[in-house]
Amino acid sequence: MFYSVNGLVLESRKRREHLSEEDILRNKAIMESLSKGGSLMEQSFEPVRRQSLTAPPANTITWEEYISAEPGKAPHLGRELVCKESKKTFKATIAMSQEFPLGIDSLLNVLEVIAPFKHFNKLREFVQMKLPPGFPVKLDIPVFPTITATVTFQEFRYDGFDESIFSIPSDYREDPSRFPEL
């Protein structure tokens, strides 16, 4: 069965008052490179030590004004807030199989090994949600504004194994000096 999940909305708010125009342009160049299929390893985006931004104007708010402000409406201290907000709507597709011989836990174990990056945590979280019955043999889900993760089981063979390969041989002896106590 194929399922479409509509209405996934990514809302992002980025604070930028701590960045110079040069920083913003540099970050944009990195993201454009990634969206065109580049990797950070291939690029020469070396960290750059830069001068600090100029100090914000001196504060004119008194302690009394600050502590007497309404809850949740304290006066702003420091730099003027600069915030970039964006929204993007996504669609995910899932193909579920009732006959697949693995369970969701097996898929989660595989994803944990092959997808250790923090953005792929969203994929694991999505799989952990209450999915329709069966096993997800294909997942297409956005994990970043420009990156969609696709997990597909195209060829799966489940052969029987001789149980003896999972038992400890009778002549095995543990080396007591292999893992000395700390």
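Residues numbered from 1 in each chain as written. Predicted model: local features only at pLDDT ≥ 70, side-chain atom pairs only at ≥ 80, totals over all residues. Heavy atoms only, no water.

### A closer look at the pattern of salt bridges
Which entries qualify depends on this criterion: Salt bridges are identified by distance alone: a Lys or Arg side-chain nitrogen within 4 Å of an Asp or Glu carboxyl oxygen. Secondary structure elements are defined from DSSP: runs of H or I of at least 4 residues count as helices, runs of E of at least 2 residues count as strands, and each element is numbered from the N terminus. Whether a residue is buried, partly exposed or exposed follows from its accessible area with a 1.4 Å probe, protein chains only, as a fraction of its type maximum: under 20%, in between, or over 50%, in that order.
With the rule as written, the count across this model stands at five salt bridges. In this structure, the salt-bridge partner of Lys 87 is Glu 11, at a minimum N-O distance of 4.0 Å. Taken together, the residues Lys 87 in strand S2 (residues 83-97) and Glu 11 in strand S1 (residues 2-15) connect sequence positions 76 residues apart. Taking relative accessible area as the criterion, Lys 87 reaches 65% and is therefore assigned exposed. Salt bridges sharing common partners tie together Glu 11, Arg 13, Glu 85 and Lys 87.

### Brief notes about the confidence of the model for the protein
What counts is decided by this rule: What pLDDT expresses is the predictor's confidence in each residue, scored from 0 to 100.
Summary statistics for the protein give a mean pLDDT of 79 and a share of 85% for residues scoring 70 or more. At the low end of the mean pLDDT range in the protein sits helix H4 (residues 121-128), at 75; at the high end sits helix H2 (residues 63-67), at 91.

### A few points about the packing of aromatic side chains
For clarity, the threshold we go by: The criterion for an aromatic pair is that two Phe, Tyr or Trp rings (for Trp, the six-membered ring) have centres within 6.5 Å, with stacked assigned to planes under 30 degrees apart, edge-to-face to planes over 60 apart and tilted to the rest.
Inspection of the entire model under this criterion finds two aromatic pairs. On the basis of an interplanar angle of 25° and a centroid distance of 6.1 Å, the ring pair of Trp 63 and Tyr 66 is categorised as stacked. Taken together, the residues Trp 63 and Tyr 66, both in helix H2 and three residues apart, mark about one turn of the helix. Take Trp 63: its relative accessible area is 59%, and that puts it in the exposed class. For Tyr 66, a relative accessible area of 33% translates into the label partly exposed. Here Phe 100 and Phe 135 contribute two aromatic rings whose centre-to-centre distance is 4.6 Å and whose plane-to-plane angle is 10°, an arrangement assigned as stacked.

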